[in-house]
Amino acid sequence: MSDLQLAILGGGHMGRALVAGLLRSGTRPERIGVGESAEDARGALASDFGVTATPDNARAVDGAAVVVVAVKPTETQAVLKGVSVVLRAQRPLVLSVAAGVRLASLEGWCGEGVPVMRAMPNRAALVGAGATALYAPPSVGAAQRAAAEHIARGVGGFVWLNEEDQLDAVTALSGSGLAYFFLLAEYMAEAAEGLGLAPPVARILAAATLHGAGVLAHSGVADLARLRAEVASPGGTTEAALGVLTAADLKGTVERALAAAARRGRELGDLAGRPAERP
Ligand SMILES: NC(=O)c1ccc[n+]([C@@H]2O[C@H](COP(=O)([O-])OP(=O)(O)OC[C@H]3O[C@@H](n4cnc5c(N)ncnc54)[C@H](OP(=O)(O)O)[C@@H]3O)[C@@H](O)[C@H]2O)c1
């Protein structure tokens, strides 16, 4: 499976993270071809990772067993239509990571007989700590599902979903979720500066705390509520802080934030599905 030939269309933030994660887990650089329109991004992919990066998407796709689509949702239609001749001739698995863009649209742009599925990874793929959800329709066979799992496992952990619509919730939770924790860590560092810490010290401690929380939460030693309770002894400092967060309706704020992300995913899917404008 590590000999799988991969094409990644779009070598931006997510495409780069997938390349880096796959190389870390043992995929050889010559097994990855990237189709990327920006010259500086192509240069960086070649020099940082030793992968082939070309402005010619059809060339990147030629001979690939799996084609990962990692361009912006609104660019997906043009990119897939641009390579549909090669896709229909060679029938690789097309794996889209584009937020919101639905399978029915993707299948239409790829053309008859091309197996298509969707995934929602996150940018922690860059360091092999990604969280990916996979969804495949019944038409995608066992070998191609295994190929998608191989990619997702290579960049972190993965789960399978039963329904395509669940991908909007995944986008809101883990696809975008890293940024919520980064924002909280930024605010924590700034608040600690206000309490007298030097900025570099506050940043180091905030990032280390975020890392420690993530490792503990992922370790499975206890569920999230128990881990929280074990830090917050009754009448202590943590409880004082959590009381402020609860009083400020952190739960409701988080619910509204995730609902906004899921809604935006659906909107992007609608926008991406509109007929492409002719140049
Ligand atoms: N970023 C994340 O954390 C994340 C997480 C989960 C899923 N995703 C999904 O991943 C996809 C990419 O997101 P991103 O954040 O990586 O965006 P991005 O940084 O803008 O990357 C997209 C890349 O594709 C290039 N591109 C544009 N048109 C192209 C074409 N016709 N052929 C080849 N390359 C082309 C862009 O070049 P230009 O800059 O020249 O346009 C850019 O380098 C999105 O659909 C998003 O929903 C992202």
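Residues numbered from 1 in each chain as written. Predicted model: local features only at pLDDT ≥ 70, side-chain atom pairs only at ≥ 80, totals over all residues.

Interface size is often expressed as the accessible area that is lost when the parts come together. Here the domain parsing of the protein yields domain 1 (6-162) and domain 2 (176-248). Relative to domain 2, the C-alpha centre of domain 1 lies at a distance of 34 Å. (Domains from an automatic or database assignment.)

On to the environment of R228. Looking at the secondary structure, you find R228 in helix 10 (residues 224-231). A residue is classified by how many C-beta atoms lie within 10 Å of it, and R228, with 14 of them, is partly exposed. Sequence separation of R228 and A41 is 187 residues, and the distance between their C-alpha atoms is 41 Å. (Helix = DSSP H or I, 4+ residues; strand = E, 2+ residues; numbered from the N terminus. Buried ≥ 20, exposed ≤ 12 C-beta atoms within 10 Å, placed from the backbone.)

Bringing the pairing of strand 2 (residues 32-35) into the picture now. What you see with strand 2 is no split at all: I32 and V34 on one side and G33 and G35 on the other are buried throughout. Assessed by its sense of winding, the connection that carries the chain from strand 1 (residues 6-9) through helix 1 (residues 13-24) to strand 2 is right-handed. Taken together, the three bridges between strand 2 and strand 3 (residues 52-54) define a ladder with parallel strand orientation. The residue bridging V34 from the neighbouring strand is A53, located in strand 3. Between the parallel elements strand 2 and strand 3, the chain passes through helix 2 (residues 39-49) in a crossover that is right-handed. (Right-handed = clockwise from strand over helix to strand, strands pointing away. Pairing = 2+ DSSP bridges.)

Another aspect to go through is the pairing of strand 5 (residues 93-96). The side-chain alternation of strand 5 yields two buried faces, one formed by L93 and L95 and the other by V94 and S96. A crossover connection joins strand 4 (residues 66-69) to the parallel strand 5 through helix 4 (residues 73-90); in handedness this β-α-β unit is right-handed. Looking at chain direction, strand 5 and strand 6 (residues 116-120) are connected through three bridges and run parallel. Each bridged residue has a counterpart across the sheet, and for L95 the counterpart in strand 6 is M117. Each parallel crossover has a hand, and the one from strand 5 via helix 5 (residues 103-110) to strand 6 is right-handed.

Okay, the packing of helix 4 against helix 12 (residues 250-273) next. It is at 7 Å that the axes of helix 4 and helix 12 come closest, and there the two elements cross at 30°. Remark: the crossing between helix 4 and helix 12 carries right-handed chirality. Where helix 4 approaches helix 12, its residues P73, T74, T76 and Q77 are matched on the opposing element by L268, G269, L271 and A272. Partitioned by chemical class, the residues of the contact of helix 4 with helix 12 number four nonpolar, four polar and no charged. (Axes fitted to C-alpha atoms, helices over the stretch in contact; angles between N-to-C directions. Left-handed = near helix turned anticlockwise from the far one by under 90°. Contact = placed C-beta atoms within 7 Å. Nonpolar A, V, L, I, M, F, W, Y, C, P; charged D, E, K, R; others polar.)

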